[in-house]
Structures are given as structure tokens and as C-alpha cells.
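# Descriptive structure summary
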Amino acid sequence: MQDKANQGTIDLNRRRFLGGAGALAAGTAGVLAGGGALAAARESTGACKVPGCDYDVIVIGGGNAGAAASRDCMENGYRTLLLEARNRLGGRTFTADFEGTHVELGGFWIHHTQPFVWAEKERYNLEIVETPGAVPDRMALTIDGKRLELSLAQIHEAIAGWQSFTDAGREIMPRNWDILYNRDAALQADSVSVRDKLAQADLTPFQKQFISAIVATMAHNSPDAMSYIEMLRWHQCGGGYFPTFMDAVGRFSLKDGTIKLVEKMVQDGGAEVRLNTPVKSVHERGDRVAVTTAQGETLVAAAVIACLPMNTIFNIDFDPPLPAGVVEAGRQRHTGVGFKLYMKVQGDVGNLLSVATSAPLDFVMTYKQAGDHTILVGFGQDPAALDTADNRAVENALRQLVPGARLLAATSYDWNNDPYARGTYCSYRPGWLAKYYADFQKDQGRIFFGSSDHGEGWRGFIDGAIGGGIKAAQRVKDKLA
Ligand SMILES: Cc1cc2nc3c(=O)[nH]c(=O)nc-3n(C[C@H](O)[C@H](O)[C@H](O)COP(=O)(O)OP(=O)(O)OC[C@H]3O[C@@H](n4cnc5c(N)ncnc54)[C@H](O)[C@@H]3O)c2cc1C
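Here is a short report on the structure shown in this document. (Residues numbered from 1 in each chain as written. Predicted model: local features only at pLDDT ≥ 70, side-chain atom pairs only at ≥ 80, totals over all residues.)

## A closer look at the site of the ligand
In the vicinity of the ligand lie 39 residues, with Gly61, Gly63, Gly91, Gly107 and Ala465 positioned nearest. Its residues assigned to classes, the shell around the ligand comprises 20 nonpolar, 14 polar and 5 charged. (Near = placed C-beta within 6 Å. Nonpolar A, V, L, I, M, F, W, Y, C, P; charged D, E, K, R; others polar.)

Now the structure itself:
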């Protein structure tokens, strides 16, 4: 249960505490804002609509997708159970405290171009705050260890390069929510990595380096790993213009934390919630579905919604089995294998955005200026390139982007070794649309799928998760009607 979460604030400077196998323990201690509101497993009252079931609907996974799905199923009048493996809700969003500052170790920024999450923010009247570094006073690009403070003319050159490289997006994917609408062009863009596309592009070396640095943060991986169409999808969803795209992915966030939205959705729906309950199997039997937990309990429902990460879903025994493409893609893992970390540095280093190529940190920006110190948020594409628990290594890496920075503390969460995530945010690898897309979100009888990773539009984002959950709940309603 989450009671322990409220016994005190986790000391996030003890970063090892958050790593790997400690994921569950970290979840226990790290949940902040209002964690106690969902402290007890809630019993949903009322009889099932469908006779002979323990629940009308069982939702598996208590991230944003599962929270939204469970709420809508309850609103549709179905007795609903939400099963979550960890001892906290939120999944790959994780509100925590770092040195007295509210931080998000996972999903964070949201935007009004993101229809599902923005509708929830409006519905629950949640306040927004801004990350200053999204509108920086200074920008820098470090190429192979050489740092260049960008002049206005260079910023214009960088943005012009980005626009030229993404110009085709509007034609290749005129409908963001229907990525294969212009099928041949989309599959062509799917077949090539951003790096290969960049190699062919008529751009200056400086423009190419700038794009590579930004794409490394988008892919949370090397630009080799992300297909060109995925880059176009991010860009087009964000308005098709570099500044609005950057606003969409890095400027606005929920003042009281992402956990607040998850709690609002779950509380509003009132589904029964069971934490610490990993699901082991999901078997359809005629017009019922049997869900068996790691504790050995079997529960019967008229429908199940699986709101699970791509990289872990295949660990559950599904019958009928998952489509081959879902399993294959999950085993390969989506592109998100990097790290995100917060760094507290001495003094006021200003409001900056600094990006790099061929460096352990690809992206650093100002998160909070507090006079005697600054909190920076950073991203790196390769966890093997930087031990985020080693302050000296972090400081050295940071100095390539912010010269002279004196690190006081740093924190990060190891999503890659968390058995219920096995990765960070999802983009697809070259060729995945052609190979796997038709298998993603293919419901199987009474087993429905809704997650951020298998969806469309803002796939790989909080918005995609909420949309995936809401749409799955609607399909369940249609099925059970
Ligand atoms: C470092 C990082 C930065 C990010 N930044 C942003 C951002 O700025 N903006 C943005 O919009 N998005 C961002 N994202 C992505 C966003 O957080 C995710 O896409 C979204 O939260 C995924 O939601 P979901 O519900 O689909 O999956 P998840 O949040 O992964 O939820 C799935 C749930 O299923 C549970 N589960 C897994 N296996 C089982 C099982 N066997 N039984 C029961 N439960 C199980 C998990 O514990 C988890 O709670 C970021 C993610 C990370 C990690």
C-alpha cells in the first residue's frame, strides 16, 4: 500500500536507491503529492452489469492510460477493477522531490496541441507552470567537445535547417492521427533512420549537428535508432514549426505534479484499485476473461483492458496470444533507452538551453533559478556513457555543456532496469510501421489494448496514454452494449 509513501520525503540524492531492482522500493518512498489520497485499495460498490463476473472490466496497469480507462469504464456503469504491479500509480510518470524542489522523474511536459491530456487538465482545472529553459536567454551547441554559444544569426540558421529537414512532414503525414494516410510516402519515411536521412540532406554541418543533438533527446537514443517518420510525427503534432514543437515537448507542466492528474482520474471514476498486484496471465474463455495475479488469485471479467508498456506486455501470458508484432517489437524495445536527470548546481547559471553531440549529455536546460543555486534538467541517450550516481562524472559531463558548473547534487531514475517499464518514452525504429503497426492495438475478442506506446498521434507521451485508455474504454462499451 502507499501508506509508506507518506512517512517522509525520499532523499533523492541517494541516487542508487532509485536504481534497478530498487524500482519498487523507490516507488514506495518517492511518490509525493497527495500519494495518501489513494492509500487504500478502494472497493467499487455495486453489482456487475454482466452476470457471473467478479468485475465487468479489469484494467491492467495504473499509468495514465489505465487511470483514464478505469474512470471511463466506471462512468459507463461498469464495475471496474484497476490492477497495478507497483506500489504506486502513475507508471512512467513519477512525481518526486529533489532537494526541496518538485521534479518529475518520468513524463512531465504537456501542451495544448495534445488533445487528450489538455482536456483532462481543463476538466479538473489543474494549474500549469513553465520550465524557463524552454524559452532560454542563451543557447549553446557543443560539437565533439567544442562549445559554441549561439548568436541570434546561428539560432536562425539552426531553426532554418530544422524547418528544411522537416518540411516534407505536412505532405508525408497530412493527418497526424493517421500516420499511414499517405501510405507510400509514409512507409518510405519509415524505412530510413534520421541519421541516414540527415546524411543525404542539403544542410550545413552546423545544422546537421544541431538536428542530431535534438533528435537524440527525442529518440532518447542515437539518431540511428529513430525512423525519419517518427521525427516528422513529433514535429507535425507539435505544430510543424520548431518553436511551437519545442513548446509542445518542453515548456508546460502540471503545477501540482503529474500524480495529481492520475489521482483525479482514478478518484473521479471510483474504480477499485489494487496496488502491488502484478498480473501473470489473461485468458479469454468464451464470453469471460480470467485474470490471474502473481499472488495466485484468479478474477473473472466480461472484458479486460491492458494498459501496459510495449517493452513489458509480453511478460504476461495472454490467451489468445498477443499478435506476433507486439511481442517482437517489445523484445527489440522501442527507442527510449536513455536517462533523464536533475542537477543542482551552485549559483545562478542563467536561463539556458545547451545541447551537444558526441557527449554523455545531449541536452540540458534550466529548470529552476533559485539565486544561490540552479536546478537543471538533462537528458542523455546512453546510460552506459554516464554513471548518473557518480557526481564527479556528472559534473564533468555537465561542464561540456555548461562550463564551470559546480554540481551540488543530482538525481535520476533507472527506467531501463525497472521491470515494469524496461525503457523510457516510446518512438519507433526504422521499418516498424511497415512491420508491426498493423499488430499494435489490435484488440483480441474481449481483451482490449490501450497504451501510450501502441497508439497514434502523440504516441509515447502522456497524451497518447490518456487517449489510448479512453478509446479502449469506449471500445469495451461498444462490445458489452
Ligand atoms: C524519463 C521520461 C520522460 C518523459 N517525458 C515525457 C514528457 O515530458 N511528456 C510526455 O507527455 N511524456 C513523457 N514521457 C512519456 C510518458 O510518461 C509515457 O508515455 C506515459 O506515461 C505512458 O503511460 P502508459 O499508461 O501508457 O504506460 P505506463 O505509464 O508505463 O503505465 C503502465 C503501468 O502498467 C504497470 N504494469 C506493468 N506490468 C504490469 C503487470 N504485469 N501487472 C500489473 N501492472 C503492470 C506498470 O507498473 C505501470 O504503472 C516520459 C517518460 C519517461 C520515462
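## Quick word on the sheet that holds strand β9 (residues 252-254)
Spatially, β5-β9-β6 is the arrangement adopted by the 3 strands of the open sheet, whose pairing is antiparallel. One side of each edge strand has no neighbouring strand; the edge strands of this open sheet are β5 (109-110) and β6 (128-130). For β5 and β9, the ladder comprises 2 bridges, and the chain directions are antiparallel. Counted as the bridge partner of Ile110 is Phe252 from β9. (Pairing = 2+ DSSP bridges. Helix = DSSP H or I, 4+ residues; strand = E, 2+ residues; numbered from the N terminus.)

## Observations regarding unusual backbone geometry
Across the junction of Asp319 and Pro320, the peptide omega takes the value 5 degrees, indicating a cis bond. In this fold, Pro320 is placed in the loop between β14 (317-319) and α12 (324-332). Phi angles above zero are rare outside glycine, and Arg333 is one such case at about 75 degrees. Along the chain, Arg333 turns up in the loop between α12 and β15 (339-346). With phi around 50 degrees, Arg422 is a residue other than glycine that occupies positive phi space. Examined against the element boundaries, Arg422 turns out to sit in the loop between β19 (407-412) and α14 (432-436). What makes Arg422 partly exposed here is the crowd of 19 C-beta atoms within 10 Å. (Buried ≥ 20, exposed ≤ 12 C-beta atoms within 10 Å, placed from the backbone.)

## Observations regarding the pairing of strand β17 (residues 363-369)
Where burial is concerned, most of β17 is hidden: 5 out of the 7 residues are buried. Where strand β16 (residues 352-357) meets β17, 3 bridges bridge the pair, whose relative direction is antiparallel. Residue Leu353 lies in a different strand from β17, and its bridge partner there is Met365. Linking two consecutive strands that pair antiparallel, namely β16 and β17, is a turn of 5 residues; a positive phi of about 50 degrees is found at Ser358 within it. By the bridge criterion, 6 bridges tie β17 to strand β18 (residues 373-380) in an arrangement that is antiparallel. Bridge assignment links Gln369 to a residue of β18, and that residue is Thr374. Between the end of β17 and the start of β18, which pair antiparallel, lie 3 residues, with Gly371 showing a positive phi angle near 80 degrees.

## Here's the deal with the sheet that holds strand β8 (residues 146-149)
Strand order across the open sheet formed by 7 strands is β8-β7-β16-β17-β18-β15-β19, with mixed pairing between neighbours. Edge positions in the sheet fall to β8 and β19, since each has one partner strand and no second. Across the sheet, the mean angle separating the axes of adjacent strands is 20 degrees when strand polarity is ignored. Here strand β7 (residues 138-143) pairs with β16 via 6 bridges, running parallel. Each residue of the ladder has a partner; that of Ala140, found in β16, is Ser354. Sheet strands in contact with helix α13 (residues 391-401) are β7, β8, β15, β16, β17 and β19, and its direction is about 100 degrees off that of β19. (Axes fitted to C-alpha atoms, helices over the stretch in contact; angles between N-to-C directions. Contact = placed C-beta atoms within 7 Å.)

Everything listed here is a matter of coordinates, which is why it stays silent on function.
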